[in-house]
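The residues making up each chain are set out below.
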Amino acid sequence: KTFPSQFNPAIALVIDTDFSYRQHEGNNFDLRSAELDLSASVDPFARGYAVFSGSSDNGFSVEEAAIVTTSLPYNLTVKGGRFFADFGRLSKFHDHDLPFVNRPGVLDRFVDGESQANGFEVSYLLPIEQYVNLTAGMYNKIGAENERVSNNVPRDLGEFTYRVRASTFISLSDAHSIDIGASLAYTPKVKVDQNQESYLAGIDITYRY
């Protein structure tokens, strides 16, 4: 069976704005960002999605544009393009999806904002009763605000950033559960740091009630 919109992408528009009140500095409505999300199946084996963002401060940009496989064997999934790398729990959230008004300072300092990355990653769901997901990726860099590396300049393989992550879900009862994840990003050679190695590790634990 067919229907008229089967080849049309799913479309969403998200507007993130806030109001600030300051007794001595005045008040203001701030359009932090407006995002247009598009998503569609490319064929029976892959889907594509893109996120376009614009704001009065940062102008227009392509936040994400990637292809994701949906039917690979052996519980494998491959993603390629520009997307938010799977580092930690909150770094891959868009600002309007965060459970806070502002992005936590630790993410801005160590991840350089959202974990935007150009590259590819592979995910593997272990074929066991306990949910365990493993991912590995290779990117130009990680971090939307990371200006130490340019996406437009070719580099040696040793200057790419490599990342691994393991995550699991533990159900304690019908009302209690815990998500646990561990991430590691490694860059063998960082030019602006005299070709030194760079490591970034993180552990995230989320308790749900």
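Quick note: structure is the one above.
Note that the structure is predicted; figures quoted are calculated from it, not measured.

### Brief notes about the packing of aromatic side chains
Enumeration over the complete set of coordinates arrives at 4 aromatic pairs. Geometrically, the ring pair formed by phenylalanine 52 and phenylalanine 60 is stacked, given 6.1 Å between the ring centres and 10° between the ring planes. Judged by its relative accessible area of 63%, phenylalanine 60 is exposed. Cation over ring: arginine 155 sits above phenylalanine 160, and NZ or CZ is 5.6 Å from the ring centre.

### Let's talk about the sheet that holds strand E9 (residues 177-190)
With antiparallel pairing, 10 strands are arranged side by side in an open sheet as E1-E2-E3-E4-E5-E6-E7-E8-E9-E10. Looking at the sheet topology across the chains shown, the edges are occupied by strand E1 (10-22) and strand E10 (196-208). The sheet shows a mean angle of 15° between the axes of neighbouring strands, taken without regard to direction. Sheet topology note: the E9/E10 ladder contains 12 bridges and is antiparallel. Along E10, the bridge assignment pairs valine 190 with glutamine 196.

### Considering the environment of asparagine 27
For asparagine 27, the position within the fold is in strand E2 (residues 26-43). Linking asparagine 27 and aspartate 156, residues 129 residues apart in sequence, is a C-alpha distance of 49 Å. Leaving out residues up to four positions away in the same chain, asparagine 27 has contacts with Phe19, Ser20, Tyr21 and Arg22.

### Some details on the side chain of aspartate 86
For aspartate 86, the position within the fold is in the loop between strand E5 (76-84) and helix H1 (105-110). Overall, aspartate 86 belongs to the buried group, its relative accessible area being 13%. In terms of polar contacts, aspartate 86 uses its side chain to reach the side chain of lysine 92, at 3.1 Å. In this structure, aspartate 86 is in contact with Lys92, Glu121, Thr135, Arg163, Arg165 and Ser183, ignoring residues within four places of it in sequence.

### As for the nonpolar core
Inside soluble globular proteins, nonpolar side chains tend to come together where they are buried. Tyr49, Ala66, Val68, Phe83, Ala85, Phe87, Leu107, Val111, Ala117, Tyr139, Ile142 and Ala185 form the largest nonpolar core, which has 12 residues in total. When near neighbours in sequence (up to four residues on either side) are disregarded, tyrosine 49 contacts Leu38, Ser39, Glu64, Ala65, Ala66, Val68, Lys79 and Phe83.

### Remarks on unusual backbone geometry
A positive phi angle is found at tyrosine 74, which is not glycine, with a value near 60°. You can see tyrosine 74 is positioned in the loop between strand E4 (59-69) and E5. For tyrosine 74, a relative accessible area of 67% translates into the label exposed. The phi dihedral of asparagine 75 is positive, around 60°, even though this residue is not glycine. With respect to the secondary-structure elements, asparagine 75 resides in the loop between E4 and E5.

### Concerning the side chain of glutamate 64
In this structure, glutamate 64 sits in strand E4. Lysine 79 provides the closest opposite charge to the buried, salt-bridge-free glutamate 64, at an N-O distance of 5.8 Å. Within the structure, glutamate 64 has its side chain in polar contact with the side chain of tyrosine 49 (distance 3.1 Å). Separated by 2.6 Å, the side chains of glutamate 64 and histidine 94 make a polar contact. The contacts of glutamate 64, once residues within four sequence positions are left out, are Tyr49, Ala50, Val51, Arg82, Phe83, Phe84 and His94.

Reading the values: rules and limits
Sequence order sets the numbering: in each chain, residues are counted from 1 along the sequence as written. Where local features are concerned, this predicted model is filtered to residues with pLDDT of at least 70; where side-chain atom pairs are given and counted, the filter is 80 or more; whole-chain, interface and lining totals use all residues. To obtain the side-chain values, all non-hydrogen atoms of the structure were included, while hydrogens and water were left out. A pair of Phe, Tyr and Trp rings is counted when the ring centres sit within 6.5 Å of each other, with Trp represented by its six-membered ring. The angle between the planes then sorts it: under 30 degrees is stacked, over 60 is edge-to-face, the rest tilted. Between buried and exposed lies partly exposed: a residue is buried under 20% and exposed over 50% of the maximum accessible area for its type, with that area taken using a 1.4 Å probe on protein chains only. Ring-over charges, as used throughout, are those where CZ of Arg or NZ of Lys falls within 6 Å of the ring centre and within 35 degrees of the ring normal. One requirement defines pairing of two strands: DSSP has to find at least two bridges between them. A helix here means a DSSP run of H or I that spans at least four residues, while a strand means a run of E at least two residues long, and both kinds are numbered starting from the N terminus. Think of each axis as a best-fit line through the C-alpha atoms, taken over the contacting stretch in the case of a helix, with angles from 0 to 180 degrees between the N-to-C directions. Working rule for contacts: check all heavy atoms of both residues, and any pair within 4.5 Å makes them a contact. Counted as a polar contact is a pair of N or O atoms within 3.5 Å, where, for protein atoms, one must be capable of donating a hydrogen and the other of accepting one, and residues adjacent in sequence contribute only when both atoms are in side chains. What is meant by a nonpolar core is a set of buried Ala, Val, Leu, Ile, Met, Phe, Trp, Tyr and Cys residues, joined one to another through side-chain atoms within 4.5 Å. Note on charges: Lys and Arg go in the positive column, Asp and Glu in the negative column, and His and the chain ends are not counted at all. Each reported salt bridge corresponds to a side-chain nitrogen of Lys or Arg within 4 Å of a carboxyl oxygen of Asp or Glu.

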